[in-house]
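Coordinate inspection notes
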Amino acid sequence: FTATGKFERAGAAYHRAIETDPRNLDYYLALTRVQLYAADYNGALDSVAGALLLNSDSALAYAFRGRALSFLPDRAADAESDADAEGEILKALQLNPGLPEALAFYAEILADQGSWEPAADNARQALALAPNLLEARLAMAYVFESTGNYDEAIAEYENAQSINPNVPALYLSLGDNYRAKGEMDTAISHYQKAIALNPNSAAPYSRIAQAYGSVGEYGKGSQYAEQAVALDETNPRLHGLLGRMYYRNNELEKSLPEFALAIQGGAMPSGAQVVGLPPSPGVVAEYYYTYGIALVKLQRCSQARPIFDLLLATLTADQDEIAVFNAQEGINQCRALEAGAAATPTP
């Protein structure tokens, strides 16, 4: 099942095996690996907890735990969570310095930190120890991708495909690299393959939305962003993405509730709760100031000003120059609108 990409069925088989033999550490570790392939990071944490109860010195268990922590939605970019992930992988390497999975996962964390040479060294060590290990190939590809060597990254991701061609994350990564090269049609075709392998994942839909948005096709981008939200309705980043697609497509009124959910949170019609995103540099800051600008364009400065004020109180120009500029410009536009309204004689 794992080789054919049927991760749910593989997971179910390992669950049954654990029920039959709950003291078998290998079953817990195999289940965790499958869950990581399927991007079920919370499930992986649950499974690896069972593994560590059986053997608190399992290097592979700590490596898997670090991997899951580093990829949890909305925690991967959080400094505290990154430290947790790195700490778990370092525990794995202390227990087994030659564990290929731990070396591979550590390479990716180092790449995220901008430590390119140590990242490449760890990825090469993992490949030397286990050239047919999917995780080692993925790590080498990710290091190339992180340094902008997209052709080399694509080659390594294709090498990983030869090991297992049915991992959805592979096609997401291939799509990302082709998108970075400006080859949007090829990127979208890879994202579509990820959908075929895992139609219930929001990730490929959101990637396609971004790909269409990057070439100005915001209507198509909106359609895919809507599908992403339908699959993961409590994800505030997806609501922000949808809001941005609506805004760029000049559908200002439709963008407002999506931006509001992204930054303030709220309840969905199903009753599910969205937790808003606090201001942070980059994409989240863009949701904030785009929401504010949409409100200014609709002449709702009383709602826009608190958003701009919060951005300016939270971020500095060193952290996000574009966000600070847009927040200040939004306030200036509000002042101009208010001055114009004050100067208009009463009929």
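Residues numbered from 1 in each chain as written. Predicted model: local features only at pLDDT ≥ 70, side-chain atom pairs only at ≥ 80, totals over all residues. Heavy atoms only, no water.

Scanning the chain for helices and strands turns up 18 helices and two strands. Since a compact globule built from 347 residues should have a radius of gyration of about 20 Å, the 23 Å found for the chain is in line with a globular shape. Once the C-alpha set of the chain is aligned to its principal axes, its extents read approximately 85 × 45 × 40 Å. Sorting the 347 residues of the chain into buried and exposed places 50% on the buried side. Across the chain, the fraction of contacts at a sequence separation of at least 24, relative to all contacts at a separation of at least 6, is 49%. (Helix = DSSP H or I, 4+ residues; strand = E, 2+ residues; numbered from the N terminus. Rg over C-alpha atoms; globule rule 2.2 N^0.38 Å. Buried < 20%, exposed > 50% of the residue type's maximum accessible area, 1.4 Å probe, protein only. Contact = heavy atoms within 4.5 Å.)

What follows covers the nonpolar core. Within the largest apolar cluster, 63 residues are counted, with the highest numbers of intra-cluster contacts made by Leu170 and Tyr291. Considering each element in turn, this core owes the most residues, ten residues, to helix 16 (residues 283-297). If you look at the next biggest cluster of nonpolar residues, it comprises 46 residues, including Leu60, Ile89, Ala102 and Ile109. (Core = buried A, V, L, I, M, F, W, Y, C linked by side-chain atoms within 4.5 Å.)

On to the state of the cysteines, then. Under the definition given, this model contains one disulfide. In this model cysteine 301 forms its disulfide with cysteine 334; the gap between the sulfur atoms is 2.3 Å. An S-S torsion of about -95 degrees defines the bridge between cysteine 301 and cysteine 334 as left-handed. Taken together, the positions of cysteine 301 in helix 17 (residues 301-314) and cysteine 334 in helix 18 (residues 321-343) put the pair 33 residues apart, joining distant regions of the chain. In this pair, the class of cysteine 301 matches that of cysteine 334, namely buried. (Disulfide = S-S within 2.5 Å.)

Let us look at the packing of helix 2 (residues 25-37) against helix 3 (residues 41-54). At a minimum axis separation of 8 Å, helix 2 and helix 3 run at an interaxial angle of 165 degrees. On the basis of their axis angle, the class for helix 2 and helix 3 is roughly antiparallel. Here helix 2 and helix 3 pass one another in a crossing that is left-handed. Taking contact as the criterion, the partners of Leu25, Tyr28, Leu29, Leu31, Thr32, Gln35 and Leu36 in helix 2 are, on helix 3, Tyr41, Gly43, Ala44, Ser47, Val48, Gly50, Ala51 and Leu54. For the contact of helix 2 with helix 3, a count of residues per class yields ten nonpolar, five polar and no charged. (Axes fitted to C-alpha atoms, helices over the stretch in contact; angles between N-to-C directions. Parallel < 35°, antiparallel > 145°, perpendicular 65-115°, else oblique. Left-handed = near helix turned anticlockwise from the far one by under 90°. Nonpolar A, V, L, I, M, F, W, Y, C, P; charged D, E, K, R; others polar.)

Let us look at the packing of helix 10 (residues 168-180) against helix 11 (residues 184-197). One can describe the packing of helix 10 onto helix 11 by two numbers: an axis separation of 8 Å at closest approach and a directional angle of 170 degrees. Judged on the interaxial angle alone, helix 11 and helix 10 are roughly antiparallel. Pair helix 10 / helix 11 crosses with left-handed handedness. Where helix 10 abuts helix 11, its residues Pro168, Tyr171, Leu172, Leu174, Gly175, Asp176, Tyr178 and Arg179 lie against Met184, Thr186, Ala187, His190, Tyr191, Lys193, Ala194 and Leu197. When its residues are assigned to classes, the contact of helix 10 with helix 11 shows ten nonpolar, three polar and three charged.

Our focus in this paragraph is the environment of alanine 160. Within the secondary structure, alanine 160 sits in helix 9 (residues 150-163). Residues alanine 160 and leucine 170, spaced ten residues apart in sequence, show a C-alpha to C-alpha distance of 7.7 Å. Not counting residues within four places of it along the chain, the set of residues in contact with alanine 160 comprises Leu134, Arg137, Leu138 and Leu170.

Now for helix 10. A rise of 1.5 Å per residue sets the reference length of helix 10, with its 13 residues, at 18 Å; its end C-alpha atoms lie 19 Å apart and thus fit the reference within 8%. With ten of 13 residues buried, helix 10 lies mostly within the body of the structure. Every buried residue belonging to helix 10 is among Pro168, Leu170, Tyr171, Leu172, Ser173, Leu174, Gly175, Asp176, Asn177 and Tyr178, and all of these are buried. Downstream of helix 10 by a residue or two, glycine 182 has a phi angle that is positive, lying close to 85 degrees. (Expected span 1.5 Å × (residues − 1).)

Opposite charge on two side chains allows them to pair when their charged atoms are near. If you walk through the whole model with that rule in mind, you get 16 salt bridges. Arginine 67 is the salt-bridge partner of glutamate 108, the closest N and O atoms lying 2.4 Å from each other. Of this pair, glutamate 108 sits in helix 6 (residues 100-112) while arginine 67 sits in helix 4 (residues 59-71), placing them 41 residues apart in sequence. Accessibility assignment for this pair places glutamate 108 and arginine 67 in one class, buried. (Salt bridge = Lys/Arg side-chain N within 4 Å of Asp/Glu carboxyl O.)

Here we come to helix 7 (residues 116-129). With 14 residues, helix 7 should cover 20 Å at 1.5 Å per step; its first-to-last C-alpha distance of 20 Å lies within 8% of that length. Of the residues making up helix 7, those classed as buried are Ala119, Ala120, Asn122, Ala123, Ala126 and Leu127. Viewed along the axis of helix 7, the buried residues span an arc of 165 degrees, placing them on a single side of the element. Those residues of helix 7 that are exposed and aimed more than 90 degrees away from the buried face are Glu117 and Ala128. (Arc of directions from axis to C-beta.)

Moving on to the packing of aromatic side chains. The final tally for this structure, using the stated rule, is five aromatic pairs. Seen in terms of ring centroids, phenylalanine 64 and phenylalanine 105 are 6.3 Å apart; in terms of plane orientation they differ by 45 degrees. Their pairing is tilted. Taken together, the residues phenylalanine 64 in helix 4 and phenylalanine 105 in helix 6 connect sequence positions 41 residues apart. We note that phenylalanine 64, like phenylalanine 105, is buried. Taken together, the ring pairs connect Tyr205, Tyr212 and Tyr224 into an aromatic cluster. (Phe/Tyr/Trp six-rings, centres within 6.5 Å; stacked < 30°, edge-to-face > 60°.)

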